[in-house]
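This is what each chain is made of:
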Amino acid sequence: MASVLPIATLLSLLAASATATSYTPSSPPPPPSPHTPPPAPASYTPPPPATNSGDKRIKLRVEGLVYCQSCASRGSQSLAGAAALPGAKVTVTCRDRKNRVMAWRKATADENGYFLAKFGVERLGDYYMGDPRKACFVRLLSSPDAKCNDITNINGGMVGAMLRDEGKRWTGGEGYQNVAYAAGPLAFKPSKCVPTRPYY
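Remember, it's a predicted structure, so these values are computed and weren't measured experimentally.

J.: Got a minute to help me understand the overall build of the chain in this structure?
T.: In terms of regular secondary structure, the chain is built from two helices and 10 strands. Helices and strands in the chain line up, N terminus first, as α-β-β-β-β-β-α-β-β-β-β-β. The contacts in the chain between residues at least 6 apart in sequence include a share of 66% that link residues at least 24 apart. Of the roughly 13500 Å² that the chain leaves accessible, carbon and sulfur atoms contribute 59%.

In structure tokens:
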């Protein structure tokens, strides 16, 4: 009897354990509602485009004055007493970013000795060092006055006058900026001057 009791107890314990650990599968989660919108993606704001000053477009103008130096100042850098030289011709040369000639213009002085050379629209980065003031220069070419046709190097008229910025800018109609730089004043000098003192 003693040997039978433990087996019966063991069987009842096994039956109770099987009932307690019986597996009941859990029900699957309900499908999402068709009217529930998907989660919104994280908002993304692209960075502003990088600005490159070399891509800026300009329409270049180069202006200046040409004079005839007075005999009193001949041989100096002075323009005291100089007179405007109408019809005088100059050349304006501009170099590209590889220091090669990219464009040049010839300009003629008006009755006041004023000249203006106009260039087309170019990217600023196409000019040598990205700066027309460093890329362009003006040289005296010819004078219509036979009595005043010797070239001087006043302000670089012989070797190439550099340009200066006088703040002349205005917006163009098609996304470019008009820029006017100045050179000079430049001068021719008389080939002969009458002596101011008589010879004895």
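J.: For this particular structure, what's the right way to read the state of the cysteines?
T.: Two cysteines whose sulfur atoms are joined by a covalent bond form what is called a disulfide. This model, assessed by the stated rule, comprises three disulfides. Each sulfur of the disulfide joining Cys68 and Cys148 lies 2.1 Å from the other. Given an S-S torsion of about 115 degrees, the disulfide between Cys68 and Cys148 has right-handed geometry. Of this pair, Cys68 sits in strand 1 (residues 57-68) while Cys148 sits in the loop between strand 6 (136-142) and strand 7 (150-151), and the two are 80 residues apart along the sequence. The residue that forms a disulfide with Cys94 is Cys136, at a sulfur-sulfur distance of 2.0 Å. One quick way to see it: the torsion about the S-S bond of Cys94 and Cys136 is about 110 degrees, and its sign makes the bridge right-handed. Of the two residues, Cys94 sits in strand 3 (residues 89-95) while Cys136 sits in strand 6, which places them 42 residues apart along the sequence. Each member of the pair, Cys94 as well as Cys136, is classed as buried. In the chain, the cysteines engaged in disulfides, taken in order along the sequence, are linked 1-5, 2-6, 3-4.

J.: What should I look at first to understand the pattern of salt bridges in this one?
T.: Side chains that differ in charge, positive against negative, can pair when their charged atoms come close. Counted under the stated rule, the structure contains nine salt bridges. The residue Lys168 makes a salt bridge to Glu63 at a minimum N-O spacing of 2.5 Å. You can see Lys168 sitting in strand 9 (residues 164-171) and its partner Glu63 sitting in strand 1, a full 105 residues away along the chain. Lys168 gets classed as partly exposed once you look at its relative accessible area, which sits at 35%. Between Asp165 and Arg169 there is a salt bridge, with the nearest N and O atoms lying 2.6 Å from each other. Relative accessible area serves as the criterion here: at 31%, Asp165 is assigned to the partly exposed category. A network of salt bridges, in which partner residues are shared, links Asp55, Arg97, Arg123 and Asp126.

J.: Help me understand the environment of Val194 in this model?
T.: Looking at where Val194 falls in the secondary structure, it is placed in the segment after strand 10 (177-189). As a C-alpha pair, Val194 and Cys71 span 123 residues in sequence and 8.0 Å in three-dimensional space.

J.: Just to check I follow, could you spell out the environment of Arg169 for this structure?
T.: Residue position: Arg169 is located in strand 9. As for Arg169 and Lys59, which are separated by 110 residues in sequence, their C-alpha atoms are 9.8 Å apart. Here the side chain of Arg169 touches Asp165 through a polar contact of 2.6 Å, side chain to side chain.

J.: Just checking my understanding: could you explain the side chain of Gln69 for this structure?
T.: Residue position: Gln69 is located in the loop between strand 1 and strand 2 (83-84). By relative accessible area, which is 1% here, Gln69 ends up buried. Within the structure, Gln69 has its side chain in polar contact with the backbone oxygen of Ser73 (distance 3.1 Å). For Gln69, the side chain forms a polar contact with the main-chain oxygen of Ser78, separated by 2.9 Å.

J.: Would you explain the nonpolar core in this entry?
T.: Soluble globular proteins: nonpolar side chains tend toward being buried together. Membership of the largest hydrophobic core comes to 30 residues, with the highest contact counts inside it found for Leu60, Val66, Phe119 and Val138. Looking at this core, the elements with two or more residues in it are strand 1, strand 3, strand 4 (101-108), strand 5 (114-123), strand 6 and strand 10. Among all residues touching Val66, those that are not within four sequence positions of it are Ala83, Ala84, Leu85, Ala88, Val90, Gly113, Phe115, Leu140, Leu186 and Phe188.

J.: How should the pairing of strand 4 be read in this particular structure?
T.: Note on strand geometry: in a regular strand, side chains alternate between the two faces of the sheet. Sheet analysis places strand 3 next to strand 4, joined by seven bridges and oriented antiparallel. Among the inter-strand pairings, Val90 is bridged to a residue of strand 4, identified as Ala107. Joining the antiparallel neighbours strand 3 and strand 4 is a turn of five residues, in which Asn99 adopts a positive phi near 65 degrees.

Rules behind the numbers
- Residues numbered from 1 in each chain as written.
- Predicted model: local features only at pLDDT ≥ 70, side-chain atom pairs only at ≥ 80, totals over all residues.
- Heavy atoms only, no water.
- Helix = DSSP H or I, 4+ residues; strand = E, 2+ residues; numbered from the N terminus.
- Contact = heavy atoms within 4.5 Å.
- Areas by Shrake-Rupley, 256 points an atom, 1.4 Å probe, with all protein chains shown as cover.
- Disulfide = S-S within 2.5 Å.
- Buried < 20%, exposed > 50% of the residue type's maximum accessible area, 1.4 Å probe, protein only.
- Salt bridge = Lys/Arg side-chain N within 4 Å of Asp/Glu carboxyl O.
- Polar contact = N/O pair within 3.5 Å; in protein donor to acceptor, adjacent residues only side chain to side chain.
- Core = buried A, V, L, I, M, F, W, Y, C linked by side-chain atoms within 4.5 Å.
- Pairing = 2+ DSSP bridges.

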